[in-house]
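# Understanding the architecture of this molecule
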Amino acid sequence: MTTTPTGTEDIGSVRDNVSRVIDETASLNADLAQELISAYDRESKLLGGIGRREREIARLKNELAKRDAKLASVNERLERLLGSKAMQVQRAYWRLRRPQRGSAQQAGGRR
């Protein structure tokens, strides 16, 4: 940098300094812009994956709710069946039948 006798820089060196600073700033700006674009692409892919997972979770929750409703229905039908007169008669039949079957086998009876 050259100075004039009055202590001021000449216009050429000021222009060179300003040009160098502008070039450095432009280069840093371009690097930062590229880094931001890369980060945006990366985050965009991650958000897409999160969205797919959330949709899958919602689908599974829906399926689980349907299965829970079906299970409740089956349990309710089973309870009604177990409490029915036909089931009570069936149980009584098997209670009466077991001792006969056991005593026949003990006496040497075979199928």
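Counting restarts for each chain, with residues numbered from 1 along the sequence as it is written. In view of the model being predicted, local features appear only for residues whose pLDDT reaches at least 70, and side-chain atom pairs are presented and counted only at 80 or more, with totals across whole chains, interfaces and linings using the full set of residues. In computing side-chain properties, one takes all heavy atoms of the structure into account and sets aside hydrogens as well as water.

### A word on the overall build of the protein chain
Helix and strand definitions follow DSSP, with helices as H or I runs of at least four residues and strands as E runs of at least two, each counted in order from the N terminus. The secondary structure content of the protein chain amounts to 2 helices and 0 strands. For every residue, the accessible area obtained with a 1.4 Å probe (protein chains only) is divided by the maximum for its type, and the residue is called buried under 20%, exposed over 50%, and partly exposed between those limits. The buried share among the 111 residues of the protein chain stands at 3%. Using a 1.4 Å probe, accessible areas were evaluated by the Shrake-Rupley method; residue-level cover was limited to the displayed protein chains. Roughly 10,200 Å² of accessible area belongs to the protein chain as shown, and the carbon and sulfur atoms make up 58% of that amount.

### Overview of the pattern of salt bridges
Each salt bridge in this description consists of a side-chain nitrogen of Lys or Arg and a carboxyl oxygen of Asp or Glu lying within 4 Å of one another. Applying the stated criterion across every chain, the model contains 5 salt bridges. Because the salt bridges share partners, they merge into one network encompassing Glu56, Arg59, Glu63 and Arg67.

### Side note on the environment of Leu82
When you line up the elements, Leu82 lands in helix H1 (residues 11–82). The contact rule is simple, with two residues in contact once any of their heavy atoms fall within 4.5 Å. Excluding residues that lie within four positions of it along the chain, Leu82 makes contacts with Met87 and Arg91.

### A few points about the packing of aromatic side chains
Two aromatic rings, drawn from Phe, Tyr or Trp (for Trp, its six-membered ring), form a pair once their centres lie within 6.5 Å of each other, and the interplanar angle then sorts them: stacked below 30 degrees, edge-to-face above 60, tilted otherwise. One pass over the structure, following the stated rule, counts 1 aromatic pair. Ring geometry for Tyr93 against Trp94: centres 5.1 Å apart, planes inclined by 75°, an arrangement best described as edge-to-face. Under the relative-accessibility criterion, Tyr93 is labelled partly exposed at 41%.

### Let's talk about a nonpolar patch on the surface
Together, Val14, Val18 and Ile22 make up a nonpolar patch on the protein surface, roughly 230 Å² of accessible area in all. Inspection of the secondary structure puts Val14 in helix H1. Residues form patches when they are more than 30% accessible in relative terms and have no salt bridge. Like charges link within 9 Å. Nonpolar side chains (Val, Leu, Ile, Met, Phe, Trp, Tyr) link within 5 Å.

Keep in mind these values describe shape, not function.
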